Amino acid sequence: MKSESKNRVPKMEHPENGDEFAGLQVNAGVAQPSTVNPWLSRMRKHRQVLFTVDEYVSGILKGDVTRLSQAVTLVESTLPEHQVVAQEVIEKCLPYSGNSVRVGISGVPGAGKSTSIDAFGVHLLNKYGGKLAVLAIDPSSEKTKGSILGDKTRMEKLAVHPKSFIRPSPTAGSLGGVARKTRETIILCEAAGYNNIFVETVGVGQSETACHSMVDFFLLIQLAGTGDELQGIKRGIMEIADGIVINKADGDNIDRARLAATQFKNALHLFPMPESGLVPEVLCYSGFYELGIDEVLAMIFSHIDHVKKNGYFDYRRNEQAKFWMYESINEQLKNGFYHNPTIRELIGPTEQEVLKGQVTSFVAAKRLVDKYYQVQSSKYNAQS
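Values in this document were obtained by computation on a predicted structure and should not be read as measured data. (Residues numbered from 1 in each chain as written. Predicted model: local features only at pLDDT ≥ 70, side-chain atom pairs only at ≥ 80, totals over all residues. Heavy atoms only, no water.)

Novice: I'd like to hear about a nonpolar patch on the surface, residue by residue, with values.
Specialist: A grouping of Met325, Tyr326, Ile329 and Leu333 is seen on the molecular surface, where their side chains present a nonpolar patch of about 410 Å² in accessible area. Within the secondary structure, Tyr326 is located in helix α13 (residues 312–338). (Patch = residues over 30% accessible without salt bridge, like charges linked within 9 Å, V, L, I, M, F, W, Y side chains within 5 Å. Areas by Shrake-Rupley, 256 points an atom, 1.4 Å probe, with all protein chains shown as cover. Salt bridge = Lys/Arg side-chain N within 4 Å of Asp/Glu carboxyl O. Helix = DSSP H or I, 4+ residues; strand = E, 2+ residues; numbered from the N terminus.)

Novice: Lay out the packing of helix α14 (residues 341–355) against helix α15 (residues 361–383) with the relevant residues and their values.
Specialist: At a minimum axis distance of 10 Å, the contact between α14 and α15 shows a crossing angle of 165 degrees. Here α15 runs roughly antiparallel to α14, going by the angle between their axes. In this structure, α14 meets α15 at a crossing whose hand is right-handed. Facing Thr342, Ile343, Leu346, Ile347, Thr350, Glu353 and Val354 of α14, the residues of α15 in contact are Ser361, Ala364, Arg367, Leu368, Lys371, Tyr372 and Val375. Broken down by class, the residue content of the contact of α14 with α15 amounts to eight nonpolar, three polar and three charged. (Axes fitted to C-alpha atoms, helices over the stretch in contact; angles between N-to-C directions. Parallel < 35°, antiparallel > 145°, perpendicular 65-115°, else oblique. Left-handed = near helix turned anticlockwise from the far one by under 90°. Contact = heavy atoms within 4.5 Å. Nonpolar A, V, L, I, M, F, W, Y, C, P; charged D, E, K, R; others polar.)

Novice: Explain the packing of aromatic side chains to me, and be specific about the residues and the numbers.
Specialist: One pass over the structure, following the stated rule, counts ten aromatic pairs. Centroid distance Phe337 to Tyr372: 5.4 Å. Interplanar angle 70 degrees. Geometry classified as edge-to-face. Taken together, the residues span a long stretch of sequence, with Phe337 in helix α13 and Tyr372 in helix α15 at a distance of 35 residues. Judged by its relative accessible area of 14%, Phe337 falls in the buried class. An angle of 50 degrees between the planes, with centres 5.9 Å apart, marks the rings of Tyr372 and Tyr373 as tilted. Judged by its relative accessible area of 54%, Tyr373 falls in the exposed class. Members of the aromatic cluster, each reached through a chain of ring pairs, are Phe337, Tyr338, Tyr372 and Tyr373. Residue placement shows Arg67 over the ring face of Phe51; its charged tip is 4.0 Å from the ring centre. In this arrangement the basic side chain of Lys308 is found over the ring face of Phe313, its NZ or CZ atom lying 5.1 Å from the centre. (Phe/Tyr/Trp six-rings, centres within 6.5 Å; stacked < 30°, edge-to-face > 60°. Buried < 20%, exposed > 50% of the residue type's maximum accessible area, 1.4 Å probe, protein only. Lys NZ or Arg CZ within 6 Å of the ring centre and 35° of its normal.)

Novice: Describe the pattern of salt bridges, listing the residues and the values that go with them.
Specialist: Evaluation of the coordinates by the stated rule reveals nine salt bridges. Glu190 is the partner of Arg102 in a salt bridge, and the nearest nitrogen-oxygen pair spans 2.8 Å. On the criterion of sequence distance, the pair formed by Arg102 in strand β1 (residues 101–107) and Glu190 in helix α8 (residues 175–191) is long-range, its members being 88 residues apart. By relative accessible area, which is 7% here, Arg102 ends up buried. The buried category is assigned to Glu190, whose relative accessible area is 2%. Linking Lys366 and Asp370 is a salt bridge whose minimum nitrogen-to-oxygen distance equals 2.9 Å. Note that Lys366 and Asp370 are positioned in helix α15 at a spacing of four residues, about one turn of the helix. Given a relative accessible area of 35%, Asp370 falls into the partly exposed group.

Novice: Requested: an account of the side chain of Gln83, with residues and values cited.
Specialist: Among the secondary structure elements, Gln83 is positioned in helix α5 (residues 80–93). Owing to a relative accessible area of 17%, Gln83 belongs among the buried residues under this scheme. Within polar-contact distance, the side chain of Gln83 engages the backbone oxygen of Val75 at 2.9 Å. Not counting chain neighbours up to four residues away, the residues in contact with Gln83 comprise Leu74, Val75, Ser77 and Arg180. (Polar contact = N/O pair within 3.5 Å; in protein donor to acceptor, adjacent residues only side chain to side chain.)

Novice: Requested: an account of the environment of Thr115, with residues and values cited.
Specialist: Along the polypeptide, Thr115 turns up in helix α6 (residues 113–128). Overall, Thr115 belongs to the partly exposed group, its relative accessible area being 29%. With 171 residues separating them along the chain, Thr115 and Ser286 place their C-alpha atoms 9.6 Å apart. Thr115 has contacts with Arg154, Gly287 and Phe288, leaving out every residue within four places of it along the chain.

Novice: Hey, could you go over helix α3 (residues 53–61) for me, with residue numbers and the actual values?
Specialist: Regarding α3, the residues found buried are Val53, Tyr56, Val57, Gly59 and Ile60. Buried residues of α3 fall within an arc of 165 degrees about the axis and therefore sit on the same side. Among the residues trailing α3, Gly63 stands out with phi positive, at a value near 85 degrees. (Arc of directions from axis to C-beta.)

As structure tokens, then:
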């Protein structure tokens, strides 16, 4: 029994290493590393570190892109503790803002907005100098609530340019919220020394109005074959455009682009004179082949120079500030209503009553709003 126990091979070793297999030895092998990155936990802890307000502000004023990106992430965060820090950072950066040219760029999906921004940006930096920040608003899926945030992949040249900063932001189902955060991001970028700001919108409906309320020049990118002048009149976006450009005017599409430009010019003559005192120009260009880019940039800066001289530039900035004050009030009231504990308890049962036909939608809404005001009034009386 003892001899058998001596020759017995431990379970963890190879049986070929036993005494009965003379001259044969099998090594244990190399231990396999863990599939989990050992630095992952340290990286996560590092990402959660928040800097002080002064550290954020000093980094932004020095033009530190990393600190600027971290501050923008803080602005986009929905956590209350992040919002408190973000608002203090924005307040301290506000005196250093307002010294840029803000250009909004919009157009139908597939019009070539991202490709055009890449061409516009490179030409602008090479010809006019300075620094450029691109803020791209990317639509979120209504089903998955996710965003691709892939606009940066279309800006291959700007993405590697040392004087550019590209930041895509998801709408996350709330266009007004992301528009407000985009306006706050503009303040941070201006404080970081970016004297040119491009804001790219999702290109549908309300986003154009939100974009127009935060830029100095609103550029509308169109394509040939999207309708005649009657369709141009019907588009409400035509009324807020400061300039219209027809993209993909290259190859066999040049004649169609020129025809579309003529039709848009005819449509613009039927609109009233804009407050700026300038009738929007209509130009043709090719973003992919970079044809006519200098003419588009000249149109933008010529418009900016004109409105600065006649005073409309400052008037528009003041109107935008007033507009965003009221927008912030509306958003605060909306968030306060939906995050109220009493309303959160009542909104589910009230919704079921509406679905069962026991009460109309309007009566249910008024009941919830009245209850909210009642709760707020009770809190105010208790505090006083």
